[in-house]
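Now for the letters of each chain:
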Amino acid sequence: MMRSDDTPITLDLFADETPTTPGLTEQIGEQAFVLRGFALPWLERLLPALEAVLLAAPFRQMVTPGGFTMSVALSSCGALGWTTDRSGYRYTAHDPQTGQPWPDMPTVFRELAQAAAQQAHFEHFEPDACLINRYVPGARMSLHQDKNERCLSAPIVSMSLGLPAVFLFGGFERSDKSLRVPLFHGDIVIWGGVDRLRYHGVLPLKQGQHPKLGVQRINLTFRTAG
Ligand code: SIN
Ligand code: FE2
């Protein structure tokens, strides 16, 4: 692989800085895709909208039903927000921390999620939930299936911002071997249809400094939950 100035890209030495090739689509399953850099042209509109959402519903660390505090901090916007506490995982219409409805899903969020879904051949995607995950170095997401949604016919649209991470895309059993997919700022992963219930997760985030987002990775996950 060469850059336009003909200097070779040294993948192993500069793995964390390796830019994605915007516009490239990688197929990771029958109905699962990585759209490289798809979000980049939208970020000028998206990042201020994200900041406003986070002012109304700040990141917080939630507790799993098993009593563990998640290393990833969460927030949500849209009609429904995913939450967890000692009594289980569920979607709620209100932010349990403020008692207020979750902030509206900004138009730019919905439009981008729909454009990405369409690019991956999922027509008429109507997300009503956007989960916002914040990873700091060391934070991870263990293998799980997304199955709290009422509508399993809609895909999951998952957008990466900030520091790179390794996304694990597995099979239908937790013990199935998983694919390791490096994800960078602006990449979008979409899985649905026959791949909708695949196990997935994120390896512990490595130290780093992203020029726009600093020492963190933010993941936006769009779903049709209700
Ligand atoms: C998730 O599965 O909710 C998050 C995936 C990611 O952070 O890429
Ligand atoms: Fe998930």
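Structure shown above.
Here's a quick rundown of the structure. It should be emphasised that the depicted structure is a prediction, and the values quoted were computed from it without experimental measurement. Per chain, residues are indexed from 1 in the order of the written sequence. Numbering of ligands from 1 and lettering of chains from A proceed in the order in which they are written. pLDDT decides what is reported in this predicted model: residues at 70 or higher carry local features, side-chain atom pairs at 80 or more are listed and counted, and totals for whole chains, interfaces and linings draw on all residues regardless. By convention in this description, side-chain values take in all heavy atoms of the structure and omit both hydrogens and water.

## Quick look at the site of ligand 1
Step number 1: Around ligand 1, the surrounding shell consists of Asn 133, Tyr 135, Met 141, His 144, Ser 158, Phe 167, His 200, Val 202, Arg 217, Asn 219 and Arg 223.
Step number 2: In protein, a polar contact means a hydrogen-donor-capable atom and an acceptor-capable atom, both N or O and within 3.5 Å, with residues adjacent in sequence counting only if both atoms are side-chain atoms; elsewhere, any N or O pair within 3.5 Å suffices. Within the side chain of Asn 133, a nitrogen or oxygen atom sits 3.4 Å from an oxygen atom of ligand 1.
Step number 3: Residue Tyr 135 places a side-chain N or O atom 2.5 Å away from an oxygen atom belonging to ligand 1.
Step number 4: Note on areas: these come from Shrake-Rupley sampling with a 1.4 Å probe, and a residue is covered only by the protein chains present in the view. Protein burial of ligand 1: of its 260 Å² of free accessible surface, 98% is covered by the chains.
Step number 5: Think of it this way: any DSSP run of H or I at least four residues long counts as a helix, any run of E at least two long counts as a strand, and we number them from the N terminus. Breaking the shell around ligand 1 down by element, the ones donating at least two residues are strand 7 (129-135), strand 8 (141-144), strand 13 (200-202) and strand 14 (217-223).
Step number 6: Residue contributions to the shell around ligand 1 peak at three residues, all from strand 14.
Step number 7: Class assignment of the residues belonging to the shell around ligand 1 gives a composition of four nonpolar, five polar and two charged. The cutoff for a nearby residue is simple: one of its non-hydrogen atoms must lie within 4 Å of the molecule or strand. For this classification, the nonpolar set comprises Ala, Val, Leu, Ile, Met, Phe, Trp, Tyr, Cys and Pro, the charged set comprises Asp, Glu, Lys and Arg, and every other residue, Gly included, is treated as polar.

## Quick word on the pattern of salt bridges
Step number 1: When a carboxyl oxygen of Asp or Glu lies within 4 Å of a side-chain nitrogen of Lys or Arg, that pair is called a salt bridge. What the rule picks out here adds up to nine salt bridges.
Step number 2: For Asp 187, the salt bridge is made with Arg 36, and the minimal N-O distance between the two is 2.6 Å. Note that Asp 187 is positioned in the loop between strand 11 (179-183) and strand 12 (188-191) and Arg 36 in the loop between strand 2 (32-35) and helix 1 (43-56), a separation of 151 residues in sequence.
Step number 3: Accessible area is worked out with a 1.4 Å probe on protein chains only. A residue is then buried under 20% of its type maximum, exposed over 50%, and partly exposed in between. Residue Asp 187 is classed as buried on the basis of its relative accessible area of 0%.
Step number 4: Arg 36 gets classed as buried once you look at its relative accessible area, which sits at 7%.

## A short note on the coordination of the iron ion (ligand 2)
Step number 1: Protein coordination of the iron ion (ligand 2) is provided by His 144 (NE2), Asp 146 (OD) and His 200 (NE2), with donor distances spanning 2.1 to 2.3 Å.
Step number 2: For Na, K and Ca the donor cutoff is 3.2 Å, while for all other metals N, O and S atoms must lie within 2.8 Å; water is not among the atoms, so some sites may look incomplete. Key to geometry: four donors with every angle between 85 and 135 degrees are tetrahedral; four donors are square planar and six octahedral where opposite donors lie over 155 degrees apart and all remaining angles lie between 65 and 115; all other sites are irregular. The coordination sphere of the iron ion (ligand 2) comprises four donor atoms, whose angles at the metal cover 89 to 177°; the geometry is irregular.
Step number 3: Mapping the donors of the iron ion (ligand 2) onto the primary sequence gives the spacing H-x1-D-x53-H. One end of the pair, Asp 146, is in the loop between strand 8 and strand 9 (156-162); the other, His 200, is in strand 13, with 54 residues separating them in the sequence.

## Description of the pairing of strand 3 (residues 60-63)
Step number 1: Only one face of strand 3 is covered, namely the one carrying Arg 60 and Met 62; the face carrying Gln 61 and Val 63 has none of its residues buried.
Step number 2: Pairing of strand 3 with strand 4 (residues 69-77) involves three bridges; the strand directions are antiparallel. Residue Val 63 lies in a different strand from strand 4, and its bridge partner there is Thr 69.
Step number 3: With antiparallel pairing between neighbouring strands as the criterion, strand 3 and strand 4 make up a hairpin whose turn holds five residues, including Gly 67 at a positive phi of roughly 95°. Two strands are said to pair when DSSP picks up at least two bridges between them.

## Here we look at the environment of Leu 112
Step number 1: Assignment of secondary structure puts Leu 112 in helix 2 (residues 107-119).
Step number 2: Setting aside its immediate chain neighbours within four residues, Leu 112 contacts Phe 38, Ala 39, Trp 42, Leu 46, Met 159 and Ile 188. We call two residues contacting when some pair of their heavy atoms lies within 4.5 Å.

## Description of the sheet that holds strand 4
Step number 1: The strand order across the open sheet built from eight strands is 1-2-12-9-14-7-4-3, with neighbouring strands paired in antiparallel fashion. Bordering the open sheet on either side are strand 1 (25-29) and strand 3, each of which pairs with just one other strand. Taken over all neighbouring pairs, the strand axes of this sheet differ in orientation by 25° on average, direction set aside.
Step number 2: Relative to strand 12, strand 9 runs antiparallel, the two being bridged by four bridges. Across the sheet, the residue bridging to Val 157 is Ile 190, located in strand 12.
Step number 3: Docked against the sheet, helix 1 engages strand 4, strand 7, strand 9 and strand 14, running at close to 95° with respect to strand 9. Here, axes are lines fitted to C-alpha atoms. For helices the fit covers the stretch in contact, and angles between N-to-C directions go from 0 to 180 degrees.

## Concerning the packing of helix 1 against helix 2
Packed helix pairs are specified by the crossing angle of their axes together with the interaxial distance, meaning the distance between the axes.
Step number 1: Between helix 1 and helix 2, whose axes approach to 9 Å, the crossing angle comes to 130°. One way to sum up the angle between helix 1 and helix 2 is to call them oblique. Where helix 1 crosses over helix 2, the two elements pack in a sense that is left-handed. Across the interface between the two elements, Arg 45, Leu 46, Ala 49 and Leu 50 from helix 1 touch Val 108, Phe 109, Glu 111 and Leu 112 from helix 2. Relative orientations are named as follows: roughly parallel for angles under 35 degrees, roughly antiparallel for angles over 145 degrees, roughly perpendicular for angles from 65 to 115 degrees, and oblique for any other angle. Here a crossing is taken to be left-handed if its near helix is turned anticlockwise relative to the far helix by less than a right angle, and right-handed if that turn runs clockwise.

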